[in-house]
Number of protein chains: 2
Amino acid sequence: MVVELISVGTEILLGNIVNTNTQYLAEKCALLGLSMYHQVTVGDNRERLFAVLETALNRSDVVILTGGLGPTEDDLTKEVCAEVMGFDLVEDEHTRERISKYFKNNIYKEIPDNNWKQAMIPQGATVLDNSNGTAPGLIMEKDGKTAILLPGPPNELKPLFTEQVFPYLQSRQPEVIRSQMVKICGYGESQVEDKLIDLINTQTNPTIATYAKTAEVHLRVTAKAANEEEAKTLLKPVVKEIKNRFDNAVYTTKEEETLEMAVVRLLKKHELTVTTAESCTGGLIAGRLVNVPGASEVFREGFITYSNKAKRKYLDVSKGTLKKYGAVSEQTAKEMATGGVFASDADACIAVTGIAGPDADGEKPVGLVYIACYMKDKVKVEEYHFKGNREKIREQSVVKALDFLRRSILSNYH
Amino acid sequence: MVVELISVGTEILLGNIVNTNTQYLAEKCALLGLSMYHQVTVGDNRERLFAVLETALNRSDVVILTGGLGPTEDDLTKEVCAEVMGFDLVEDEHTRERISKYFKNNIYKEIPDNNWKQAMIPQGATVLDNSNGTAPGLIMEKDGKTAILLPGPPNELKPLFTEQVFPYLQSRQPEVIRSQMVKICGYGESQVEDKLIDLINTQTNPTIATYAKTAEVHLRVTAKAANEEEAKTLLKPVVKEIKNRFDNAVYTTKEEETLEMAVVRLLKKHELTVTTAESCTGGLIAGRLVNVPGASEVFREGFITYSNKAKRKYLDVSKGTLKKYGAVSEQTAKEMATGGVFASDADACIAVTGIAGPDADGEKPVGLVYIACYMKDKVKVEEYHFKGNREKIREQSVVKALDFLRRSILSNYH
């Protein structure tokens, strides 16, 4: 089954927004085992949308259109789609009621007249209720072709797609598709591919796809089978083999779990608390930990010691160390991590000091970063040489620091 | 002049990467006053790329193709483009030399054979030297149509476009296009539009476009004129009028200046230092300040006090205040900001405490955030009610905190 995406919106053509919906939908369609050959963006223009949609329906089986379902005159995705496919628009009582209710819940005084336009539905289309807005999604089927219309705002599109469109598309696939995520930290994308090259080249079911993220690599292992049980049976040995090859570098196999979630989970499991001592990352490691709801159980306070004076005052880094080795050194990183534990009541501390640039510090190059972790009465330090601009160097430092903390827990607590 | 974008790459169709090049190019083309009606993504497939390119050259004057210029068999943008437009491929001595040099500089032992493919150039095309990779950009002109080919990696595409393609496209425009950015914090997008509705509706030259960012609105004022001088003369009164209407809410009119850069600039100007006292934002405000190279002049240390105990220990927030008003209260925010200044030697402190969710805190709802700023012996506090999930609430808190600090400097120092 071939699926094509059409994004409707002049704001995308003007570059006002990044089109993240397309990537979201493309990934989900790949996950469903659907083929995708074209993605098209067109403005809020009747003739051009008409032409683009006609072409898409000719060359693809399913066309997913996003955007242009709003209440204004400019919004014409539904109208053009009904015309191209030959549907009449009729008022849908159910959607009308939902719109009334939506406005009532949001304490609006009056419902703008043009919102009723959104209750007009192509006769015979499947209506997908939208819990986060007034424009419902629509599925229109005719002559072996399908158009799926979704509202543009990601907070409306994503739940609609996950809850209603994904199962619909899945039900139309002759085979069951199941996938398993494996998230890896500590290897580059090409290293991961090298270590898996035999599997990647020989495996056709399940397949293995790699996704490069900042200082992480995500693998998606996808199996096609006649039923769920069989798909799981296909996935299991491959996922197991990957985990064997990467061992502790695999931080999770859960789709939604981020690195900071994995770290907080491990800290909670072992009833540990952590503090942070940050120089060049300036609070970003703590910021990532606090991303996790309930982080307060394991993280109570953090230190941002950007100046040498602050490193001495809050973390008790010695004047001699700073003078002899400099702020960006193995020794300073170690003293920061040790000082962090002693200054707070935390069980562990992760400390970072480095040169994010743009200027080097004497002989020390941009990208040189030391990360230290104090845990169970000992402190370890790792030296990194990151590439990229200031932002990239800091982002990589944060990921490596979180991962160092994670690996330290794994090796110290069983 | 109508321009169309074609992104070539199966990885985009699979959703492996977000296509940020398209937004970048679309914004720049809009800035040049070019019309864009279509953006298309197609995979590394000969027939489909051929068909998509033919259609694009039919309906548009200039087609910008990105990706598919690499050394592998899969990369066929140049070959297909030469075929569609009727160009012969010939080896370009200059490009061959550049490739040799590129590999020599990068300490590779051998140049892979397939890299020489990148020295083959459509005869008569303009070669755009690429300083960051081996694939040069190309401009191919024939029968009134133009194809511009650019490498896919953003760090290669962006400098190539800015330095070579932008001036080329500009030279082909009969008029000079100049634009001026105005960045605003403290108003929502619809508020900004309301306050400018008369200008937006009546102005045709310059035009005003709004771009909504997290808790910020950016305005781009764009003028067309016969020459640079005239364009500037057209821009000046409109920019002045916008600045009048938004006064202090305009934090910069510089294209590249971010909010944190504006804050650091003001702090430096008045020789002030600042510290941060963060609860729900957990280090993200400090993280933003440290984004700015040279932030060390104005920012030396920051406090992340996530627990009540840490608020007491480091910021001297009183037990009574925490008990009576709670951690998320006007009073606690004020004491955090005051304590931050006294604990550090900073001239000012920005403090944030709030409920980022997902769970409310008793009667206090998710999204309730207090931001306090201590400056010149007095402390002020602002109460916010943010919408969205945990991430959105924290992001908005960070922007509002930086802006509160900025406004405080403006009102306290002249």
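The structure displayed is predicted, hence computed values, not measured ones. As a convention, each chain's residues are numbered from 1 in the sequence order in which they are written. A letter from A marks each chain and a number from 1 marks each ligand, given out in the order of writing. Residue-level local features of this predicted model are given only where pLDDT is at least 70; pairs of side-chain atoms are given and counted only at 80 or more, and the full residue set underlies all totals for whole chains, interfaces and linings. Excluded from the side-chain calculation are hydrogens and water; included are all heavy atoms of the structure.

Undergrad: Just give me the short version of the overall build of chain A, but keep the residues and values in it.
TA: A run of DSSP states H or I qualifies as a helix once it reaches four residues; a run of E qualifies as a strand once it reaches two. Both are numbered from the N-terminal end. A count of helices and strands for chain A gives 14 helices and 17 strands. By principal-axis analysis of the C-alpha atoms, chain A measures approximately 80 × 55 × 40 Å. Out of the 414 residues belonging to chain A, those deemed buried represent 53%. Residue pairs at least 24 apart in sequence account for 66% of intrachain contacts in chain A once pairs closer than 6 positions are excluded. A total of about 18,100 Å² of accessible surface is found on chain A, and carbon and sulfur atoms cover 48% of it. Taking the average place of the 51 positive charges on the side chains of chain A and the average place of its 57 negative ones, the gap between the two points comes to 8 Å. Type-normalised accessible area, obtained with a 1.4 Å probe on protein chains alone, sets the label of each residue: buried when under 20%, exposed when over 50%, and partly exposed for intermediate values. Residues are treated as being in contact if the distance between any of their heavy atoms lies within 4.5 Å. Note on areas: these come from Shrake-Rupley sampling with a 1.4 Å probe, and a residue is covered only by the protein chains present in the view. Positive charge is attributed to Lys and Arg, negative charge to Asp and Glu, and no charge count is given to His or to the chain ends. Charge positions come from single atoms, namely NZ of Lys, CZ of Arg, CG of Asp or CD of Glu.

Undergrad: Can you lay out the domain arrangement of chain A for me, pointing to particular residues and giving the numbers?
TA: All names here are of chain A. Domain start and stop points were drawn from an automatic or database domain assignment. Domain boundaries in chain A define domain 1 (2–172), domain 2 (177–252) and domain 3 (259–412). Between domain 2 and domain 3, the C-alpha centre-to-centre distance is 30 Å. Across the boundary between the two partners, domain 2 contributes ten residues, which contact twelve residues of domain 3. A 1.4 Å probe defines the accessible area here, and the buried area is the portion of it lost by two parts on being joined, summed over both. Buried surface at the junction of domain 2 and domain 3, both sides included, amounts to about 840 Å², of which 57% is carbon and sulfur. Per-residue buried area on domain 2 facing domain 3 is highest for Thr-214, Asn-248 and Tyr-251; these three make up 56% of the total on that side. By definition, a salt bridge exists where a carboxyl oxygen of Asp or Glu is found within 4 Å of a side-chain nitrogen of Lys or Arg. Counting across the domain 2 and domain 3 interface gives zero salt bridges. Contacts described as polar in this section are N or O atom pairs within 3.5 Å, which, within protein, must combine one atom able to donate a hydrogen with one able to accept it, while residues neighboring in sequence count only if both atoms come from side chains. Linking domain 2 to domain 3 there are two residue pairs in polar contact (both at pLDDT 80 or more). Its residues assigned to classes, the side of domain 2 that touches domain 3 shows five nonpolar, four polar and one charged. Residues are grouped as follows: Ala, Val, Leu, Ile, Met, Phe, Trp, Tyr, Cys and Pro are nonpolar; Asp, Glu, Lys and Arg are charged; every other residue, Gly included, is polar.

Undergrad: Can you tell me about the sheet that holds strand S7 (residues 137–142) of chain B, naming the residues and giving the values?
TA: Paired through backbone hydrogen bonds, the strands of a sheet run either parallel or antiparallel to each other. Whether two strands pair comes down to DSSP finding at least two bridges between them. Spatial strand order, S6(A)-S7(A)-S8(A)-S3(A)-S1(A)-S2(A)-S2(B)-S1(B)-S3(B)-S8(B)-S7(B)-S6(B): twelve strands in an open sheet with mixed pairing. The open sheet is flanked by strand S6 (126–128) of chain A together with strand S6 (126–128) of chain B, the only strands paired with a single partner. For this sheet, the mean inter-axis angle between neighbouring strands, taken without regard to orientation, is 15°. Sheet topology places strand S1 (residues 2–8) of chain B next to strand S2 (residues 35–42) of chain B; six bridges connect them, and they run parallel. Residue pairing in the sheet places B:Ser7 in a bridge with B:Thr41 of S2(B). Sheet strands in contact with helix H4 (residues 77–85) of chain A are strand S1 (2–8), strand S3 (62–66), strand S7 (137–142) and strand S8 (145–150) of chain A, and its direction is about 170° off that of S8(A). Set on the sheet, helix H2 (residues 20–31) of chain B makes contact with S1, S2, strand S3 (62–66) and strand S8 (145–150) of chain B; between it and S1(B) the angle comes to about 170°. Whenever a helix is involved, its axis is fitted only over the stretch in contact; in every case the axis is a line through C-alpha atoms, and angles between N-to-C directions fall within 0 to 180 degrees.

Undergrad: Can you tell me about the packing of helix H3 (residues 46–59) of chain B against helix H4 (residues 77–85) of chain B, naming the residues and giving the values?
TA: Residue and element names in this part refer to chain B. For the pair H3 and H4, interaxial distance at closest approach is 10 Å and the crossing angle is 50°. Between H3 and H4, the crossing angle belongs to the class labelled oblique. Read as a crossing pair, H3 and H4 show a hand that is right-handed. Along its contact with H3, which presents Arg-46, Leu-49, Phe-50, Leu-53, Glu-54 and Leu-57, the element H4 presents Thr-77, Val-80, Cys-81, Glu-83, Val-84 and Met-85. Here the residues of the contact of H3 with H4 are counted per class, giving eight nonpolar, one polar and three charged. Throughout, the term roughly parallel applies to angles under 35 degrees, roughly antiparallel to angles over 145, roughly perpendicular to angles from 65 to 115, and oblique to all others. Crossing handedness is read from the near helix: turned anticlockwise from the far helix by less than a right angle, it gives a left-handed crossing, and turned clockwise, a right-handed one.

Undergrad: Go over the interface of chain B and chain A, please, and point to the residues and values.
TA: Taken together, the contact between chain B and chain A spans 57 residues of the former and 57 residues of the latter. Between chain B and chain A lies a buried interface of about 4,500 Å² when both sides are counted; carbon and sulfur atoms form 54% of it. Applying the counting rule to chain B against chain A returns four salt bridges. Note that A:Lys313 is salt-bridged to B:Glu301, the shortest N-O span being 3.7 Å.

Undergrad: Give me the lowdown on the packing of aromatic side chains, citing residues and values where you can.
TA: Each aromatic pair joins two rings of Phe, Tyr and Trp (for Trp, the six-membered one) with centres within 6.5 Å, and gets the label stacked for planes under 30 degrees apart, edge-to-face for over 60, and tilted for any other angle. Overall, the coordinates contain 14 aromatic pairs over all chains when judged by the stated rule. Pairing A:Tyr187 with A:Phe246 gives two aromatic rings, centres 5.0 Å apart and planes at 85°, and the pair type is edge-to-face. In this pair, A:Tyr187 sits in the loop between strand S9 (176–185) and helix H7 (189–202) while A:Phe246 sits in helix H8 (residues 228–246), placing the two residues 59 residues apart along the sequence. Pairing A:Tyr306 with B:Phe299 gives two aromatic rings, centres 6.1 Å apart and planes at 45°, and the pair type is tilted. With A:Tyr306 in the loop between strand S14 (299–305) and helix H11 (308–315) and B:Phe299 in strand S14 (residues 299–305), the pair connects residues from two separate chains. Residue A:Tyr306 shares its accessibility class with B:Phe299, and that shared class is buried. An aromatic cluster of three or more residues is present, and its members are A:Tyr24, A:Phe161 and A:Phe166. The rule is short: NZ of Lys or CZ of Arg within 6 Å of the ring centre and within 35 degrees of the ring normal puts a charge over the ring. The ring centre of A:Tyr37 lies 3.6 Å from the NZ or CZ of B:Arg48, which sits over that ring. Lying over the aromatic face of B:Phe87, B:Lys142 brings its terminal NZ or CZ to 4.9 Å of the ring centre.

Undergrad: Help me get a handle on the relation of the copies chain B and chain A, residues and values and all.
TA: Least squares is used to superpose the copies, and the fit set is the C-alpha atoms of residues whose pLDDT is at least 70 in both copies. Under the fitted operation, chain B is carried onto chain A by 0.2 Å of movement along the axis and a turn of 180°, and the coordinates agree to an RMSD of 0.2 Å. What the superposition gives is, in effect, a two-fold axis relating one chain to the other. Mapped onto chain A, 100% of the interface residues of chain B again fall at the interface, so both copies present the same surface.

Undergrad: Before we move on, can you summarise the pairing of strand S11 (residues 216–225) of chain B with the specific residues and values?
TA: All names here are of chain B. Across the ten residues of S11, nine count as buried, placing the element largely inside the fold. Bridging between strand S9 (residues 176–185) and S11 involves ten bridges; their strand directions are antiparallel. Directly across from Ile-184, in S11, lies its bridge partner Val-217. In this sheet, S11 lies alongside strand S10 (residues 207–213) in antiparallel orientation, the contact comprising seven bridges.

Undergrad: An account of the sheet that holds strand S15 (residues 348–354) of chain B is requested, with residue identities and associated values reported.
TA: Taken in spatial order, the ten strands of this open sheet run S17(A)-S16(A)-S15(A)-S13(A)-S14(A)-S14(B)-S13(B)-S15(B)-S16(B)-S17(B), and their pairing is mixed. Of all strands in the sheet, those bounded by a partner on one side alone are strand S17 (378–385) of chain A together with strand S17 (378–385) of chain B. Here the average twist between neighbouring strands, direction ignored, is 15°. Pairing of S14(A) with S14(B) involves five bridges; the strand directions are antiparallel. Within the sheet, the bridge partner assigned to A:Phe303 lies in S14(B) and is B:Phe303. H11(A) rests against strand S13 (274–278), S14 and strand S15 (348–354) of chain A together with S14 of chain B of the sheet, and its axis sits at about 145° to S14(A). On top of the sheet, helix H13 (residues 330–343) of chain B reaches strand S13 (274–278), S14, S15, strand S16 (368–375) and S17 of chain B; it is set at about 145° to S15(B), its chief contact.

Undergrad: Can you explain the environment of A:Ala262? Please cite residues and give values.
TA: Residue and element names in this part refer to chain A. Residue position: Ala-262 is located in helix H9 (residues 259–269). Given a relative accessible area of 1%, Ala-262 falls into the buried group. As a C-alpha pair, Ala-262 and Leu-405 span 143 residues in sequence and 11 Å in three-dimensional space. Excluding residues within four positions of it along the chain, Ala-262 makes contact with Tyr-251 and Glu-257.

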